[in-house]
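# Architecture at a glance
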Amino acid sequence: MALPGLLSNGRRRGLLTVSALTLAQGAAAGAAAFATRGLFEALHGAAPLPAALLVTLAASGLVIAVTRVSARVTGEWLGQSYARDIRLALFEHTAGMAASDVARRRNGYMSLRFVGDMTAFRNWIGLGLPRLVAGAILIPLTLAVLWSLAPVFAWLTLPLVILALVSIGLGGLRLQPLHRRLRARRARIAVDMAERMPLAPELDRLGRRRIEMGQLDHRIGRMVRAAVARLRLAEALKAIPDAIAGLAAMLIILGGFRTGASPGVIAGGLAAFGLLISPMRDLATVWNLHSAWRSAAIKADAALSRQQREAYTDRCSLPKGAAAIAISDLALPSGGRLNLELAAASVVGTELNERDSTFLFSVLNGLEKVPEDAVTLSGICLRRLSRGSLRRSVVTIGARPPILLGSFRRALTLGVSQRMDDADLEALARESGLTDALSRLGGLDGKLSEGGRNLLFSERALVSLVRAKQLKPRLILVESQIAALEVEARNRIMDWTARSGATVLFQRGVMPGLSQAA
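## Quick look at the packing of helix α1 (residues 11–43) against helix α2 (residues 51–95)
- In the contact formed by α1 and α2, the axes pass within 8 Å of each other and the chain directions differ by 160 degrees. Classified by the angle their axes make, α1 and α2 are roughly antiparallel. The chirality of how α1 crosses α2 is left-handed.
- Here the residues of the contact of α1 with α2 are counted per class, giving 19 nonpolar, 12 polar and three charged.

Here's what the structure looks like:
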């Protein structure tokens, strides 16, 4: 999957709007310069100040203010629109990856993709491109105004403008490596903090407080130095237009004096060149924004190039009744190979180790990339099953079901297409052993924390049981944590799986004495 296009999804029209607004700013600035010239010349005459010029000068300021705000608002929309598309693309791509590949990604990787880099993506199209457009329009337009006022003004200031732009361009080339270095060091600190903060009390008990703080302080110091180096260069580039402003003003005054230009013309020239400083300064920030965007885009491209698991290719459905399982030469994380055949309605345990059996369960849920026809359910290749058929037909019962922050109702119905009404759902939850949880949390509207951390260990497993009961599955996978549940919760799960009529596969250690599948 490629990065979303910068100018797709209506953003091309938005950038054209910014260009039109910028052109209006330039026209207003030119009108202000000519009005300034006319008013200064009128000051030396006996006639009253021309009302039209006074109105033009006042109106030009209003036009510049309104168009600048409008351009900034449009730019913000562009940035937010692009960041939204990036977020959605990253989530969609990650949703199509193998679960084991996602699990290997650091928490920092996930958070940076969705938080840290979004500012860089948003700022480039929201600020960078509009400023680049503004510079491309306003700088030539302002030089044309200077030429119209007095050709000598344009000839004298053009070399300074070119020198400033070349200096900004050459200096900007150094910004991207500085951004990459700063980004890498910020990411390292974010990952370290995400890893160590939950363990801080334990690390203190183990005598690691000073050691960890020292290492963290060292990394922060390196990050600060990288940040200062990047900021120093970025601010130096922004200061170049200010550095030439005084020299340009001197040249305009000297050029006007030697060519006999009136004070009004000289004042107009100074006003026009003053309006040139802002777009040139903005061009310096464009380099900074572009460098940040490129650094983020490189990482996002790498994330979007990760292999997909290629599931749900033909949208087939499983036939009615318990599912038969056939696995041929499936590579396991331990390095072994698995060949397995289970008849429909079998109830067996697997003698695979925890890591391999967890991988097997992930495979049977359609969450891993497997070769074509390596795994079949009731004779149908797992990869060809539709998402809905696989979700309804294969369920996992364990103490770590996916639970999102939100209501108890959503937790009990996550993945269930045809939902019960609240009365039936609550009755099913109570029947399944969740009466205490309902009372403690305040019923179905009760709020669960991320991952269901405010549920007891056994209650999380019973949540997965309630979901399974609503789906009437053809294959039930029972995780090893069930063996550690309270007796009542474990018995509820075992009784239901025995009566379900589905094929049931247990991880080792759940029910001693079952026939083993290898």
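## Describing empty space enclosed by the protein
- Across all of its chains, the model carries one cavity of 30 Å³ or more by this definition.
- Taken as a whole, the largest cavity spans an internal volume of roughly 50 Å³.
- Every residue lining the largest cavity is listed: Arg309, Ala311, Gly366, Glu368, Val370, Leu382, Arg383 and Leu390.
- Within the lining of the largest cavity, the residues separate by chemical class into four nonpolar, one polar and three charged.

## Side note on the environment of lysine 299
- By secondary structure assignment, the location of lysine 299 is in helix α9 (residues 263–304).
- Of the residues examined, lysine 299 reaches a relative accessible area of 42% and is grouped as partly exposed.
- Considering only alpha carbons, one finds lysine 299 and aspartate 117, 182 residues apart in sequence, at a separation of 9.0 Å.

## Let's talk about a positive patch on the surface
- Together, Arg174, Arg181, Arg222 and Arg225 give the surface a local cluster of positive charge.
- Inspection of the secondary structure assignment puts arginine 181 in helix α6 (residues 175–196).
- Since its relative accessible area comes to 35%, arginine 181 is described here as partly exposed.

## Points about the packing of aromatic side chains
- Within this structure, the stated rule accounts for three aromatic pairs.
- Judged by centre distance (6.0 Å) and plane angle (85 degrees), the ring pair of tyrosine 82 and phenylalanine 121 falls under edge-to-face. Here phenylalanine 121 lies in helix α4 (residues 107–149) and tyrosine 82 lies in helix α2, a separation of 39 residues in the sequence. Note on accessibility: tyrosine 82 and phenylalanine 121 belong to one class, buried.

## A closer look at the pairing of strand β9 (residues 475–478)
- Of the two faces of β9, the one carrying Leu475 and Leu477 and the one carrying Ile476 and Val478 are both buried.
- Of the pairings in the sheet, the one linking strand β6 (residues 394–397) to β9 comprises four bridges and is parallel in character. Across the sheet, residue threonine 396 finds its bridge partner in β9, namely leucine 477.
- Handedness of the crossover joining β9 and strand β10 (residues 503–506) through helix α16 (residues 487–499) is recorded here as right-handed.

## With respect to unusual backbone geometry
- Even without being glycine, asparagine 9 reaches a positive phi, approximately 60 degrees.
- Its place among the elements puts asparagine 9 in the segment before α1.

## Considerations on the side chain of threonine 142
- Following the sequence through the fold, threonine 142 ends up in helix α4.
- What makes threonine 142 buried here is its relative accessible area of 10%.
- Setting aside its immediate chain neighbours within four residues, threonine 142 contacts Ala272 and Leu276.

## Describing the confidence of the model for the protein chain
- Mean pLDDT over the protein chain works out to 87, with 95% of the residues at or above the 70 mark.
- Mean pLDDT values for the elements of the protein chain range from 43 in strand β11 (residues 516–517) up to 96 in β9.
- Across residues 512–518, confidence stays below pLDDT 50; counting only partners more than four residues off in sequence or on other chains, it has 20 contacts.

## Concerning the pattern of salt bridges
- This model, assessed by the stated rule, comprises 24 salt bridges.
- The salt bridge partner of aspartate 329 is arginine 337, with a shortest N-O separation of 3.9 Å.
- Residues arginine 383 and glutamate 372 are paired through a salt bridge, measuring 3.6 Å at the closest nitrogen-oxygen approach. A residue pair is termed long-range when its members are at least 10 positions apart, and arginine 383 in the loop between β5 (380–381) and α11 (387–393) and glutamate 372 in the loop between α10 (354–364) and β4 (375–377) qualify at 11 residues.
- Accessibility expressed as a relative area gives 13% for arginine 383, which makes it buried.
- Of the residues examined, glutamate 372 reaches a relative accessible area of 36% and is grouped as partly exposed.

## Side note on α6
- A rise of 1.5 Å per residue sets the reference length of α6, with its 22 residues, at 32 Å; its end C-alpha atoms lie 32 Å apart and thus fit the reference within 8%.
- Restricting attention to buried positions, one finds in α6 the residues Leu175, Leu178, His179, Leu182, Arg183, Ala187, Ile189, Val191 and Asp192.

## Quick look at the state of the cysteines
- The tally for this structure, following the rule as stated, stands at zero disulfides.
- Lacking any disulfide linkage, cysteine 316 is separated from the closest cysteine sulfur, that of cysteine 381, by 8.7 Å.
- Assessed through its relative accessible area of 3%, cysteine 381 is described here as buried.

## Description of α10
- Where burial is concerned, most of α10 is hidden: eight out of the 11 residues are buried.
- Three or more residues of α10 are buried, namely Asp356, Ser357, Phe359, Leu360, Phe361, Ser362, Val363 and Leu364.
- Among the residues of α10, the N-terminal cap falls to asparagine 353, whose side-chain oxygen and the backbone nitrogen of arginine 355 are separated by 3.2 Å.
- The positive-phi residue at the C-terminal boundary of α10 is glycine 366, with phi of around 80 degrees.

Calculation criteria
For every chain, the first residue of the written sequence is number 1, and numbering continues from 1 along that sequence. Reporting of local features is limited, given that this is a predicted model, to residues whose pLDDT is at least 70; pairs of side-chain atoms are given and counted only at 80 or more, and all residues count toward the totals for whole chains, interfaces and linings. To get the side-chain values, take all heavy atoms of the structure and skip hydrogens and water. To define axes, lines are fitted to C-alpha atoms, for helices over the stretch in contact only, and angles between the resulting N-to-C directions are given on a 0 to 180 degree scale. Numbering of helices and strands starts at the N terminus; helices are DSSP runs of H or I of at least 4 residues and strands are runs of E of at least 2. Here roughly perpendicular refers to angles of 65 to 115 degrees, roughly parallel to angles under 35, roughly antiparallel to angles over 145, and oblique to all remaining angles. The handedness criterion is simple: a crossing whose near helix is rotated anticlockwise from the far helix by less than a right angle is left-handed, and one whose near helix is rotated clockwise is right-handed. Three categories are distinguished: nonpolar for Ala, Val, Leu, Ile, Met, Phe, Trp, Tyr, Cys and Pro, charged for Asp, Glu, Lys and Arg, and polar for the others, with Gly belonging to the last. Using only the protein atoms, space was sampled on a 1 Å grid; points where a 1.4 Å probe fits but cannot get out form cavities, open sets with protein on both sides within 12 Å along at least five of seven lines form pockets, and lining residues are those with an atom within 4 Å of a point. Grid points are joined across faces, edges and corners, and a volume is the space filled by probe spheres set on the points. Exposure classes here rest on a 1.4 Å probe applied to the protein chains alone. A residue is buried below 20% of its type maximum, exposed above 50%, and partly exposed in between. Any residue with relative accessible area above 30% and no salt bridge may belong to a patch, with like charges joined within 9 Å and the nonpolar Val, Leu, Ile, Met, Phe, Trp and Tyr side chains within 5 Å. Exposure was quantified through the Shrake-Rupley algorithm and a 1.4 Å probe, taking into account, for residues, occlusion by the shown protein chains and nothing else. A pairing counts as a salt bridge when a side-chain nitrogen of Lys or Arg comes within 4 Å of a carboxyl oxygen of Asp or Glu. Only four residue types enter the charge count, namely Lys and Arg as positive and Asp and Glu as negative; His and the chain termini do not. Throughout, a charge is located at the NZ atom of Lys, the CZ atom of Arg, the CG atom of Asp or the CD atom of Glu. Any two of the Phe, Tyr and Trp rings considered here, Trp counted by its six-membered ring, make a pair once their centres fall within 6.5 Å; the pair's planes then place it as stacked at under 30 degrees, edge-to-face at over 60, or tilted in between. We treat two strands as partners when DSSP finds at least two bridges between them. Crossover handedness is defined by viewing with both strands directed away from the observer: a clockwise path from the first strand over the helix to the second marks the crossover as right-handed. Here a residue-residue contact requires only that any non-hydrogen atoms of the pair lie within 4.5 Å. Think of pLDDT as the predictor's per-residue confidence, scored from 0 to 100. Helix span, as expected, comes to 1.5 Å for every residue beyond the first. Here, two cysteine sulfur atoms that lie within 2.5 Å of each other are counted as a disulfide. By the criterion applied in these results, polar contacts are pairs of N or O atoms within 3.5 Å in which, for protein atoms, one can donate a hydrogen and the other can accept it, and in which residues neighboring in sequence qualify only through two side-chain atoms.

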